[in-house]
Amino acid sequence: GKHAANTVDFQEFMIMPVQAENFAEGLRICAEIYHNLKKLLEEKGLSTGVGDEGGFAPQLKNEEQALELILRAIEDCRLRPGEDMALALDAAAGEWQTGNNVYLLPKENRLRTPHDLLEYWRRLTAKYPIISLEDPAGEDDWDLWRQLTEAIGKNVQLVGDDLFVTQKARLEQGLARRAANAVLILSLINI
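**Q** When you look at the side chain of Thr149 in this model, what are you seeing that I'm missing?
**A** The residue Thr149 is located in helix α4 (residues 142–152) in this model. A distance of 2.8 Å separates a polar side-chain atom of Thr149 from the backbone oxygen of Trp145. Engagement of the side chain of Thr149 in a polar contact is seen with the backbone nitrogen of Ala180, the distance being 2.8 Å. Apart from the residues lying within four places of it in its own chain, the contact partners of Thr149 are Lys154, Leu158, Arg178, Ala179 and Ala180.

**Q** Please explain the nonpolar core as it appears in this structure.
**A** Considering soluble globular proteins, one finds that nonpolar side chains tend to be buried as a cluster. Grouped together as the largest cluster of nonpolar side chains are 48 residues, with contacts concentrated most on Trp96 and Trp121. Elements with a minimum of two residues in this core: α1 (23–43), α2 (63–76), β2 (86–90), β3 (103–105), α3 (114–127), β5 (130–134) and α4.

**Q** Where do I start with the side chain of Ser132 in this structure?
**A** Of note, Ser132 is situated in strand β5. One polar contact links Ser132 to Gln157, side chain to side chain, over a distance of 2.9 Å. What Ser132 contacts, discounting residues up to four positions off in sequence, is Met16, Leu87, Ala88, Leu89, Val156, Gln157 and Val159.

**Q** Sorry, what's going on with the packing of aromatic side chains here?
**A** Any aromatic ring pair is given by two values, namely how distant the centres are and how the planes are angled relative to each other. Applying the stated criterion to the full structure yields seven aromatic pairs. Where Tyr34 meets Phe56, the ring centres are 4.5 Å apart and the plane angle is 20°; that geometry is what we call stacked. With Tyr34 in helix α1 and Phe56 in the loop between α1 and α2, this pair connects stretches of sequence that are 22 residues apart. Residue class for Tyr34 comes out partly exposed when judged on its relative accessible area of 34%. The class for Phe56 is buried, based on a relative accessible area of 16%. Between Tyr120 and Trp121, the aromatic rings sit 5.4 Å apart at their centres with planes inclined by 50°, giving tilted as the arrangement. Classification of Tyr120 as buried rests on a relative accessible area of 8%. Taking relative accessible area as the criterion, Trp121 reaches 0% and is therefore assigned buried. Put simply, the rings of Phe10, Phe13, Trp96, Tyr120 and Trp121 touch in pairs and so form one group of aromatic residues. When the ring centre of Tyr120 is taken as origin, the NZ or CZ atom of Arg112, which lies over that ring, is 4.0 Å away.

**Q** Whenever I open this one, α1 confuses me. Can you help?
**A** Working note: α-helix, 3.6 residues per turn, so residues spaced by three or four point in the same direction. In this model α1 runs 30 Å from its N-terminal to its C-terminal C-alpha over 21 residues, within 8% of the 30 Å that 1.5 Å per residue would give. Of the positions making up α1, those classed as buried are Gly26, Ile29, Cys30, Ile33, Leu37, Leu40 and Leu41. On an axial view of α1, the arc spanned by its buried residues comes to 110°, and they lie on one face. Exposed residues lying more than 90 degrees from the buried face of α1 are Ala24, Leu27, His35 and Glu43. Against the buried residues of α1 lie β1 (12–16) and α2. Where α1 begins, the side chain of Asn22 points an oxygen toward the backbone nitrogen of Ala24, at a separation of 3.2 Å. Positive phi appears at Gly45, one or two residues downstream of α1, with a value of about 70°.

Definitions and limits used
Residues numbered from 1 in each chain as written. Predicted model: local features only at pLDDT ≥ 70, side-chain atom pairs only at ≥ 80, totals over all residues. Heavy atoms only, no water. Helix = DSSP H or I, 4+ residues; strand = E, 2+ residues; numbered from the N terminus. Polar contact = N/O pair within 3.5 Å; in protein donor to acceptor, adjacent residues only side chain to side chain. Contact = heavy atoms within 4.5 Å. Core = buried A, V, L, I, M, F, W, Y, C linked by side-chain atoms within 4.5 Å. Buried < 20%, exposed > 50% of the residue type's maximum accessible area, 1.4 Å probe, protein only. Phe/Tyr/Trp six-rings, centres within 6.5 Å; stacked < 30°, edge-to-face > 60°. Lys NZ or Arg CZ within 6 Å of the ring centre and 35° of its normal. Expected span 1.5 Å × (residues − 1). Arc of directions from axis to C-beta.

Nothing here speaks to function; it is geometry throughout.
Structural data, given as structure tokens:
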């Protein structure tokens, strides 16, 4: 996505060790998968350079190729995608919004209506073990947020980061509109 000079539009692809018994085990599992993914990328002749936030940023055909590579790295650790490990995405879809109620995925160079985007997320979350989507719609597209929450919110955590930006008034508006089912809260602590 925006944090890397590659060919995918999602900002982040993340793994979640949902069956880890504690933090240390979860960290160990994630580190093993990370190293397996690096090895897999090298075997395929793909870059192992990293984006701004430390994740690999190879040139890929599309987002689904990234998901498939991550799933393979999970399986190479003898873990079960969807049972031992789940996937999370930060789409940062607000970056795709145009002024005319259409989303332009810049690297794919493809326009999607809100309905197209809803169906895209519905298909991806049915096909892959994605249990968390951060910012799958633009921060002012309350209708699409509500539709996503109705369509996939029972099985997927829909995280409003840019949607709520830790503002009480926006949180109240989201509750009233039944938009999202999770929120990212930023708290700064001076030490």
